[in-house]
Every structure is written in C-alpha cells, then in structure tokens.
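# Structural description and commentary
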Amino acid sequence: QVQLVESGGGLVQAGGSLRLSCAASGRARSSYRMAWFRQGPGKEREFVATISWNGDNKDYADSVKGRFTISRDNAKNMVYLQMNSLKPEDTAVYYCAARSSGPFGNYDYWGQGTQVTVSS
C-alpha cells in the first residue's frame with residue numbers, strides 16, 4: 001500500500017512558476033509508476049504527467065508539454081512537478097497518483113490534492 005501527500009500549491013501570477021511535491025510512503029514505493037492529475041472548477045479530472053518507476057519514461061498532456069516537468073527522487077521517496085509559464089487555465093486542484101509498474105494498471109493510490117491558482 002502507498003500513501004501520498006502533495007504540497008507546494010498556492011497562488012501565482014500568470015507567467016510564473018511553481019513546484020509541486022508528492023511524498024510517498026509504503027512498501028515497494030519506488031517500484032510504482034507515478035502521475036499528476038488535475039481538476040479545474042466545473043471540469044473533469046485530467047491527466048497531466050507521468051513518470052516510470054526508474055524515471056526513464058515520461059509523458060505529458062499536450063496542454064502542459066514544454067512547460068511542466070515531472071521528476072522523481074526515489075532515495076527521498078519524492079515526486080515533483082515543476083510548472084513554468086503558468087496560465088490561468090492551469091488553475092486546478094492537483095493530485096498525485098500511483099500504480100504498479102507495467103503497461104497496464106489502474107491508479108489505485110491518490111493524494112489529497114493541492115490547490116494551484118494562477119491569476120491573470
């Protein structure tokens with residue numbers, strides 16, 4: 001079982017940067033694929049970025065590609081989302097999620113979310 005806790009959300013002006021952190025704990029936590037999702041007001045939850053257990057594979061939603069960077073530090077049991085050139089449409093609750101490594105699987109573990117608000 002994996003426990004996830006996000007932090008680093010807050011208020012930032014458009015064009016600014018913010019770094020989100022996700023602290024993971026639990027058995028075999030380093031073997032999990034990690035991801036960030038977000039849910040804006042009145043919107044469905046959407047995929048943002050994912051990273052493989054060893055960090056060799058990353059993928060991003062088209063809306064954030066080139067602006068956001070996902071990374072992980074397994075020695076510290078941490079996953080990060082560096083967000084640059086933020087836009088008002090990035091405003092959402094951001095969630096950290098985890099699933100077992102492999103080509104298939106559901107994200108079974110979720111953090112509580114952290115609010116990101118981007119002002120114009």
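Quick caveat: nothing in here was measured; it's all calculated off a predicted structure.

Moving on to the environment of W53. Within the secondary structure, W53 is located in the loop between β5 (46-51) and β6 (58-60). Through-space distance from the C-alpha of W53 to that of P103 is 12 Å; in sequence the pair is 50 residues apart.

Let's shift gears to the side chain of E6. With respect to the secondary-structure elements, E6 resides in strand β1 (residues 2-7). For the buried E6, no salt bridge is present, and the opposite-charge side chain at shortest range is R45, 8.1 Å distant. A polar contact of 2.9 Å, which involves the side chain of E6, links it to the backbone nitrogen of Q112. In this structure the side chain of E6 is engaged in a polar contact, spanning 2.9 Å, whose partner is the backbone nitrogen of G113. Filtering out sequence-adjacent residues up to four positions away, E6 remains in contact with S21, C22, W36, Y94, Y95, C96, G111, Q112, G113 and T114.

The final tally for this structure, using the stated rule, is four aromatic pairs. The interplanar angle of 75 degrees and the centroid separation of 5.5 Å between the aromatic rings of F37 and Y107 together place this pair among those described as edge-to-face. Of the two residues, F37 sits in strand β4 (residues 32-39) while Y107 sits in the loop between β9 (92-100) and β10 (109-110), which places them 70 residues apart along the sequence. The residues F37 and Y107 share a single accessibility class, namely buried.

Once that is clear, we can look at the pairing of β1. Burial of β1 is one-sided: the residues V2, L4 and E6 facing one way are buried, the residues Q3, V5 and S7 facing the other way are not. Looking at chain direction, β1 and strand β3 (residues 18-26) are connected through six bridges and run antiparallel. Paired with E6 across the bridge in β3 is C22.

A few words on the sheet that holds β1. Pairing within the open sheet is antiparallel, and its four strands lie in the order β1-β3-β8-β7. Of all strands in the sheet, those with a lone pairing partner are β1 and β7 (68-73), marking the two edges. Averaged over all pairs of adjacent strands, the angle between their axes in this sheet comes to 15 degrees, without regard to strand direction. Note: β3 against strand β8 (residues 78-83), six bridges, orientation antiparallel. Paired with R19 across the bridge in β8 is Q82.

About the cut-offs
- Think of each chain on its own: its residues are numbered from 1, step by step along the sequence as written.
- Under the rules for a predicted model, residues below a pLDDT of 70 receive no local features and side-chain atom pairs below 80 are neither given nor counted, while totals for whole chains, interfaces and linings still include all residues.
- Heavy atoms from the whole structure form the basis of all side-chain values; hydrogens and water molecules are not counted.
- Think of it this way: any DSSP run of H or I at least four residues long counts as a helix, any run of E at least two long counts as a strand, and we number them from the N terminus.
- Burial classes: relative accessible area under 20% of the type maximum marks a residue as buried, over 50% as exposed, and values in between as partly exposed (1.4 Å probe, protein chains only).
- Under the counting rule used here, the positive set is Lys and Arg, the negative set is Asp and Glu, and His together with the chain ends is not counted.
- Every case where a carboxyl oxygen of Asp or Glu lies within 4 Å of a side-chain nitrogen of Lys or Arg is listed as a salt bridge.
- Residues adjacent in sequence count toward polar contacts only when both atoms are side-chain atoms; beyond that, a polar contact is any pair of N or O atoms within 3.5 Å, and within protein one must be able to donate a hydrogen and the other to accept it.
- Note on contacts: a residue pair qualifies if any of its non-hydrogen atoms lie within 4.5 Å across the two residues.
- In summary, the pairing rule links any two rings of Phe, Tyr or Trp, Trp by its six-membered ring, whose centres are within 6.5 Å, and it sorts them by plane angle into stacked for under 30 degrees, edge-to-face for over 60 and tilted for everything else.
- Strand pairing is assigned whenever DSSP identifies at least 2 bridges connecting the two strands.
- Lines are fitted to the C-alpha atoms to define the axes, a helix being fitted only along its stretch in contact, and any angle between axes, read from their N-to-C directions, falls within 0 to 180 degrees.

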